Amino acid sequence: LQRMLSIAVEVDKSPNCSSCKIADVIFPFILNIPLRSQREAFLNTMESQLLRCKLLELLFQHSCDVPTTLPLSLAKILYFLSHSSVLLQYQDETATWQRWDEMLQYLSLLLLSYQNVILAFPLAEHLRSSLNDRMDLIIQKAKPKPQDGDDISHLDIQLKIEDFISRMQEVLGQPFPLQITEKLCMLR
């Protein structure tokens, strides 16, 4: 399945457009996956970084009280950090801290996937470009164009993380479980 999804994204002239369409179709099914371990297995084994970004973006948009119209960027990921509620409300048997832990896990996965799509690698993967265009861009050693929302400061990051921690403290109290503390450090 993962290979087929990756090929479906890649064969289009616009991988960005095809990943949006595929994510729109798959998203309701992700919401209905009953176990966190199954959701994580599906998202972690996804071969297409771009499709993973789109699915996680939809998941966080779904969990925001006020969705944003920002394009996927570092600023949007920070917006999700500030405005997302705990994901997947239907899991009543799951402890509250585990829901926050899952949200942090998916935020980290979104950030890593976004970096693979846009920001990382000296030769740049150019995953938003078609295969033909991508080959030309790699040969030219062109760097991917950063999004408008990618110019965030360390202060922006620090303030959003502190705000997020205070929101978690209101719900969970202190001290945080070890898993949450580790994920917060990784996210920073």
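Look up a bit, the structure's there.
Residues take numbers from 1 onward in each chain, read along the sequence in its written order. Reporting of local features is limited, given that this is a predicted model, to residues whose pLDDT is at least 70; pairs of side-chain atoms are given and counted only at 80 or more, and all residues count toward the totals for whole chains, interfaces and linings. To get the side-chain values, take all heavy atoms of the structure and skip hydrogens and water.

All right, on to the overall build of the protein then. A tally of regular secondary structure across the protein gives nine helices and zero strands. Secondary structure elements are defined from DSSP: runs of H or I of at least 4 residues count as helices, runs of E of at least 2 residues count as strands, and each element is numbered from the N terminus. When its helices and strands are written in sequence order, the protein yields α-α-α-α-α-α-α-α-α. Throughout, exposure labels follow a simple rule: accessible area from a 1.4 Å probe, protein chains only, divided by the maximum for the residue type, with under 20% read as buried, over 50% as exposed, and the rest as partly exposed. Residue burial in the protein is summarised as follows: out of 188 residues, 47% are buried. Only heavy atoms matter for contacts: two residues are in contact if any of them lie within 4.5 Å across the pair. Sequence-distant contacts, at least 24 apart, represent 65% of the contacts inside the protein between residues at least 6 apart. Every accessible area reported is derived by Shrake-Rupley at a probe size of 1.4 Å, with residue values counting cover from the shown protein chains alone. Just so you have it, the protein exposes about 10,200 Å², and 59% of that area is on carbon and sulfur atoms.

Looking only at helix α9 (residues 178–187), the buried set comprises Ile 180, Lys 183, Leu 184 and Leu 187. Within α9, the buried residues cover an arc of 105° as seen down the axis, which keeps them to one side. Away from its buried face, by an angle of more than 90 degrees, α9 presents the exposed residues Leu 178, Cys 185 and Met 186. Directions drawn from the helix axis to the C-beta atoms are what define this arc.

Relative to the helices and strands, Glu 57 resides in helix α4 (residues 49–63). The contact partners of Glu 57, leaving out residues within four places of it in the chain, are Leu 72, Lys 76, Phe 80 and Leu 110.

The next point concerns the side chain of Ser 113. Note on placement: Ser 113 falls in helix α6 (residues 96–119). The exposure class assigned to Ser 113 is buried, which follows from its relative accessible area of 0%. The contacts of Ser 113, once residues within four sequence positions are left out, are Gln 49, Arg 52 and Cys 53.

With that settled, consider the pattern of salt bridges. What makes a salt bridge here is a side-chain nitrogen of Lys or Arg within 4 Å of a carboxyl oxygen of Asp or Glu, nothing more. One pass over the structure, following the stated rule, counts six salt bridges. The salt bridge involving Lys 76 is made with Glu 57; its shortest N-O contact spans 2.5 Å. Of this pair, Lys 76 sits in helix α5 (residues 74–83) while Glu 57 sits in helix α4, placing them 19 residues apart in sequence. By the burial criterion, Lys 76 is buried, and Glu 57 matches it.

Moving on: the packing of α4 against α5. Axis definition: a line fit to C-alpha positions, over the contact stretch in the case of helices; interaxial angles, taken between N-to-C directions, run 0 to 180 degrees. Relative to each other, α4 and α5 sit at 35°, their axes nearing to 10 Å. Once α4 is placed against α5, the crossing between them reads as left-handed. In this structure, α4 uses Glu 57, Phe 60, Gln 61 and Ser 63 to contact α5, whose residues at the interface are Lys 76, Phe 80 and His 83. In terms of residue class, the contact of α4 with α5 is built from two nonpolar, three polar and two charged. Less than a right angle of anticlockwise turn of the near helix away from the far helix marks a crossing as left-handed, whereas a clockwise turn marks it as right-handed. Residue type decides the class: Asp, Glu, Lys and Arg count as charged, Ala, Val, Leu, Ile, Met, Phe, Trp, Tyr, Cys and Pro as nonpolar, and the leftover types, Gly among them, as polar.

All right, on to the packing of aromatic side chains then. Aromatic rings considered in pairs are described by the distance between their centres and by the relative angle of their planes. For this analysis, a ring pair means two rings from Phe, Tyr or Trp (six-membered ring only for Trp) whose centres lie within 6.5 Å, classed as stacked if their planes differ by under 30 degrees, edge-to-face if by over 60, and tilted for the remaining angles. Taken as a whole and assessed by the stated rule, the structure comprises two aromatic pairs. Relative to Phe 80, the ring of Phe 60 lies with its centre 5.4 Å away and its plane at 20°, an arrangement referred to as stacked. With a gap of 20 residues between them, Phe 60 in helix α4 and Phe 80 in helix α5 connect regions that are remote in the sequence. Since its relative accessible area comes to 0%, Phe 60 is described here as buried.

Relative to the assigned elements, Leu 50 resides in helix α4. With relative accessibility at 3%, the residue Leu 50 sits in the buried group. It is 9.9 Å that separates the C-alpha atoms of Leu 50 and Ser 18, two residues lying 32 residues apart in sequence.

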